[in-house]
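Here are the chains, one letter per residue:
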Amino acid sequence: MTTTPRGADETPAAENLPAGAPLPTGPGSPEPVESSQRRPRRRSSLGRQGIEMFLENRLAVLGLVLIVGLVLFSFVGPLLHRTDQVHTDLANAYVPPGERGYLLGTDGIGYDQLGRLMLGGQTSLIVGLAAGLLATAFGTLWGATAGFLGGWVDAVMMRLVDALLSIPALFLFMLIATIITPTVPMLVLTIAAFAWLNPARMIRGDSIALRSRDFIVAMRGMGGGSARAVRSHIVRNAIGTVIVNATFQIADAILYVAYLSYLGLGVPPPAANWGGMLSSGIGEIYSANWWLVYPPGILIILLVLAFNFVGDGLRDAFEVRLRKR
Amino acid sequence: MSTPVHNTAGPLLSISDLHVTIPQRRGEVTPLRGVNLTLRQGRTLGIVGESGSGKTMTALALMGLLPANGRISRGSIEFDGVDLVSATPKQARRRRGTDLGMIFQDPMTSLNPTMQIGDQIGEGLIVHQRLGRKEARRRAIEILERVGMPRPDRIAADYPHQLSGGMRQRAMIAMALVNHPKLLIADEPTTALDVTTQRQILDLIEDIKEEYDSAAILVTHDLGVVAGRADEVAVMYAGRVVEHAPARELFENPQHQYTRALLAALPERASGSDRLYAIPGMPPSLKEEIAGCPFAPRCHRAQDDCRTGTIAFEDHGAGHRVACLHPGGEEHLGQLSVPAAAAEKQVLAAQSEAPAPETGAAEDVPASAEVVLDVDGISKNYPALGGSVIRRRIGTVSAVNDVTFSVREGETFGLVGESGCGKSTLGRVIAALEQPSEGVIHLDGTDIEGGKGRNSKAVHRSVQLMFQDSAAAMDPRMRVDEILTEPLDIQGVGTAKDRARRVEELIDDVGLAQDSLERYPHEFSGGQLQRIGLARSLALDPRVVVCDEPVSALDVSVQAQVLNQMKDIQAEHRLAYVFISHDLSVVRYMSDRIGVMYLGTMVEQGPAEEVSARPRHPYTRVLIDAVPTVEPDDERERLLVEGELPSAMDPPSGCRFRTRCPFAQEICATAPPVVEMGAEEGEHQVACHFPLPEDGTLPTRVGAAR
Amino acid sequence: MWQYVLRRSGQAFVVILLVTFITFLLLHNLPGGAARSALGLDATQAQIDAYNVQMGYDQPFLVQYAMYLGRLFSGDLGFSFQQNQPVVDLIVQRLPKTMVLSFLAAVVALLIAIPLGVVQATRRGQWPDYLVTSVALLAYATPLFFLGMLLIVLFSQTIPLLPPQAPQGFSVLDILADWPGLILPVVTLAIVTLAAYTRYVRSTMIDNLQENYIRTARAKGMSEGRVVIRHALRNSLFPVISLLGMYIPALFSGALVVEQLFNYPGMGLMFWQATQTRDFPILLATTTIVAIATVVGSLLADIAYAVADPRVRLSGGSE
């Protein structure tokens, strides 16, 4: 392969852009890069641009606010709204909201619904975060190794990923849940054990693309080796993908917990999570006990939405860095 | 060229005071700020300018294809008696593809990849003339034949990726022609093509224009393309037409200081020992208001009155219009470079310009200078992979074949050739990024062993690579100081403090301010990035720098800055350059000696002036003759070739050029030519059975001269 | 192209081997071992020993795997002692029903996603774009069983339009004949992939609309509708074909929930019932078959893509 001749198609300005493309700001940037006066150090200009981009995305900010709100609700809420979530109280079962001092009523065995939502939120958040982060970490390691080593190692590693991916996740989760007894740590491990596949694929693609980039070639031309390529280039450039992916993995893990609970393989009481509360509340959907269904349902939706909004916002924020003005 | 005037009634096209504004996330850009143009029936107008000058935007405004949100904020476009600015979108659409036909720069991406060529051409007939599919296809085949496609019926059923670059551009032209446009707009029609193909395409556009009796606008950054083809030329700068004149008048008697500077910056007019005139600074931002002449901040003749008010676009007689308060000048253009060097210094005074040596950098390298790099019989083959379940080798691509040359200290060796000739592969082998399949490379007398041996670290220290696209060759998430420190880091040079000091020195050496160190690559313009790339390749005090198309992506004025800088630094450090480029005039200007490559082989090498003035290999002659020049009187006999580069997977036997050579005889197919003439180191060598005579005439067996 | 098809098939074969190996490993880690889980808790030691010999579980590991493969490919998927039937009979009966459900859901999802994605791409950054993004995300964020339940309450209780339960016919044709009952399950399942499809169509459309050939089409005077449909959308649809293959596992996972919710007599429901009774032969066999169906499905999607897209079809066989 050799270069193709390129003419003066360096495009700092409005020239040669396809119609409809977002335009860069103009040629010869207004700021005199060649000026001699010293400027204050601008250590984190990329980070700042990214944050600006993120903050301009209203949905992403909303997502962030929601996450913070739900975390406060689940972890700080119980300090303000103390309830007994251990002992059943059958005398006070199915109390409608607002009566007998129960703000959101009680469930079928007398637990305060509001307090239970706070408790359940803790489990949902912890399981989601732990499983999502674990899966991302392992997937990243796997994908980066496969992508960077290449050759038959890559082939073997990726065929294994293909094989695991081709078993629909819920089937596998259910099968495993019948074999082991579900507890919170087991749940985290089970979900993480199969959620790492997508990040692995994505990171592998990224590292293969990075491996052949000119700046890696340039580094090799100076005598740098593979270890350096990974340490100072690949990690730096793939980190965005990893972080964005992690937020989506967290959202998915929260949903998986809900599905497992619904299919009867969730964490047994008195532990609670929103998915479990929703699935046991589903039975009440025909009755008038609406407060057992909609609050947990809405909270799950909000949490999953919030992580997705944040993920989208982060993706834009990371991309901004590579865009030429 | 100069077609008789058909219609004295009035111009076919007249644009006056055209302004285009595009709102952005923050603020707005005004890429066109007062464009004035006229064009009569049957004539060709060349619009030249650098990137950002607004030449493409003018064409798009004319077509009604402004980018989203873009609008014409002032001025008028009158075409064929109709006002285009007030046209409804539907009227504008009806005019596109009928009265107005447009050819775009990159024929690969400008054709729909999943649509057959015939359908893409026929679409215009189906939509505008309501033809049936069959009839449209028949007409498409006809027009493909007209634009010189071999076997047009088969090509009509092909998809773009099955065609070569030149054929794709022919298909684009066919597409623009189907409805017999009154005006044909070609936007950089040959920029993505090789120089021999470029000539074929430009000839075709000219023929077609005459045959269809239409007018044409040729938009290009390449003054040479316009010089031989256009009747009139408009020079654009910062969204304005600054000069508009008949082509000959413009090139013989340029008036606007920008036009003059641009011509002085062309390496083709300079001899190797001249310093090019480099226009200092950069074009202004199109986001802000510009008072006075937009070129004033970079102009060596600018006075106070240039910086205020509006500069009128005045007629200087004979259709020569100029927007300049102090046009022309006593200096002859060729000499502009001498005082200009001083002017450049003045303007750059605030910019910590590197201490440039007083004389031009490329003094003759004494023959006694030490040979730094010795390339001996290098070949590079790649396995061609194929196969279904298991990928296996199905053949060999011979990218470089038995190339020998040497470079001395302080000398530049230019490698020139079209895409696919193997010059970049050779560059990577020299930089020890690839192992040669055969042959040896000696660096200061030591075998570099492809960078794998005991001394690999030393090799990577002494040979550096400078890339065409520095933006891609720098980690976008690293700051410039990290980028410049990286080579020092890898090689373990000095302490952290030493490295920091060295990096400050380097950025100073290439004439950039210290605060550049805290910025990221995307914050720089192309020319600045190339300088940073140069600084990085100098960090380790190398013996040899392999420069792979270092200025090919740059505008002429910026290119001159970078080339000057490279020459200065070479003189200062006694560097040896291997300068790789497809652009013969740049190579000739930069190099002491030139090697010409064709399909992996070195067909000719020798002193730069000698090879370019008296080429002995037919291919070199073809290459030289294909380059368009700005001299309007250039009527020498030209040697042309037809056809395209054969595949390197199965190169022709004997001489690899023989399949396209007009002088080829039987022996050329059987025996590879041996190097002839001065076998001495550094003398003119040619690998041809029938070298051209030294007096520059062409033998009688010429197949395609004019 | 044939090289591509062959290579892709070779990959799929390797993946199927790996899948069977994974299920084989699971079989070996069943509580109480493979025999106990197949025969039930009240089986005697003698029965278990006899079973182990019969299945070759006294042989070395790799031999066991080979025998397992042999049984698998000869159609012997084990025997459900709880149902007192060979598992293969149960699967043959139920797999087509799940495939019909999933296929219909994929088609419905595409039919909704393509126009939505096109509208988003052409109105990028305007309210229709945001609206569709938000609604699609909302649908994605809602647990499927909750969403299905809401649909049931809405369309068969509040407005009694549709039956709340899926058709119960024995054959696929019976089920299709009772189409009103299919509407809610299909729509619910379609929502699983809707957000992903819409997002994909939107982004490929945006990419394609920025391509130079779109500008060429406009320069030829094509109407905006023709530019969007004939040029941009046509080219965006090729990769959507292989996207369909990528989302087969998600569809099957969704089918598990939907079948349970609507009591649809497919593999998912059978699988769910088997988890309740811990009928391991059914669980393992179903998992294996569903995985193989997934591999074959995405292989077919990739081949269809290669046949449809001239860039792949007419390439010399390189990637």
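All values reported here derive from a predicted model rather than from experimental measurement.

## Some details on the overall build of chain C
Here is step 1: Regarding its fold elements, chain C presents 15 helices and 2 strands.
Here is step 2: The principal-axis extent of the C-alpha atoms belonging to chain C is close to 85 × 60 × 30 Å.
Here is step 3: Here chain C holds 319 residues, and the buried ones make up 46% of them.
Here is step 4: Put simply, of all contacts in chain C between residues at least 6 apart along the chain, 68% involve residues at least 24 apart.

## Brief notes about the interface of chain A and chain C
Here is step 1: Of the residues lining the interface, 38 residues belong to chain A; the matching set on chain C comes to 43 residues.
Here is step 2: Of all elements in the fold, only α5 (151-165), α6 (169-179), α10 (226-262), α11 (274-282) and α12 (294-320) of chain A reach the threshold of two or more residues within the side of chain A that touches chain C.
Here is step 3: For the side of chain A that touches chain C, the element with the most residues is α6(A), which contributes 8 residues.
Here is step 4: Grouping the constituent residues of the side of chain A that touches chain C by class yields 28 nonpolar, 8 polar and 2 charged.

## Focus: the nonpolar core
Here is step 1: Formed by 378 residues in total, the largest nonpolar core has its most connected members in Ile254(A), Val304(A), Ile185(B), Ile217(B), Ala265(B), Ile430(B) and Val578(B).
Here is step 2: Considering every element that reaches this core, the biggest residue donor is α10(A), with 18 residues.
Here is step 3: Those residues in contact with Ile217(B), other than ones at most four positions away along the chain, are Leu39(B), Leu45(B), Ile47(B), Ala59(B), Leu183(B) and Ile185(B).

## Section: the pairing of strand β19 (residues 544-548) of chain B
A regular strand places its side chains so that they alternate between the two faces of the sheet.
Residue and element names in this part refer to chain B.
Here is step 1: By the criterion of burial, β19 is predominantly enclosed, with 5 of the 5 residues buried.
Here is step 2: One ladder, built from 4 bridges, connects strand β18 (residues 463-466) with β19; its direction is parallel. Bridge pairing in β19 links Val 463 to Val 544.
Here is step 3: Relative to strand β20 (residues 576-581), β19 runs parallel, the two being bridged by 5 bridges. Bridge pairing links Val 545 to Tyr 577 in β20.
Here is step 4: For the crossover from β19 across helix α17 (residues 556-573) to β20, the handedness is right-handed.

## Some thoughts on the packing of α6(A) against helix α14 (residues 280-308) of chain C
Here is step 1: Between α6(A) and α14(C), the shortest axis-to-axis distance is 10 Å and the interhelical angle comes to 160 degrees. Viewed along their axes, α6(A) and α14(C) adopt a mutual orientation that is roughly antiparallel. In this structure, α6(A) meets α14(C) at a crossing whose hand is left-handed. Judged by residue contacts, Phe171(A), Leu172(A), Leu175(A) and Thr178(A) of α6(A) engage Leu283(C), Thr287(C) and Val290(C) from α14(C).
Here is step 2: In the contact of α6(A) with α14(C), the residues fall into 5 nonpolar, 2 polar and no charged.

## Some points on helix α10 (residues 212-219) of chain C
Here is step 1: When you tally the buried positions in α10(C), you get 8 out of 8 residues, the bulk of the element.
Here is step 2: Residues of α10(C) that are buried include every one of Asn212(C), Tyr213(C), Ile214(C), Arg215(C), Thr216(C), Ala217(C), Arg218(C) and Ala219(C), and no others.
Here is step 3: Buried residues along α10(C) sit against α1 (55-63) and β6 (100-103) of chain B together with α9 (180-209) and α11 (224-246) of chain C.
Here is step 4: Of the residues flanking the end of α10(C), it is Gly221(C), one or two places downstream, whose phi is positive at about 85 degrees.

Analysis parameters
- Residues numbered from 1 in each chain as written.
- Chains lettered and ligands numbered in written order.
- Predicted model: local features only at pLDDT ≥ 70, side-chain atom pairs only at ≥ 80, totals over all residues.
- Helix = DSSP H or I, 4+ residues; strand = E, 2+ residues; numbered from the N terminus.
- Buried ≥ 20, exposed ≤ 12 C-beta atoms within 10 Å, placed from the backbone.
- Contact = placed C-beta atoms within 7 Å.
- Nonpolar A, V, L, I, M, F, W, Y, C, P; charged D, E, K, R; others polar.
- Core = buried A, V, L, I, M, F, W, Y, C linked by C-beta atoms within 7 Å.
- Pairing = 2+ DSSP bridges.
- Right-handed = clockwise from strand over helix to strand, strands pointing away.
- Axes fitted to C-alpha atoms, helices over the stretch in contact; angles between N-to-C directions.
- Parallel < 35°, antiparallel > 145°, perpendicular 65-115°, else oblique.
- Left-handed = near helix turned anticlockwise from the far one by under 90°.

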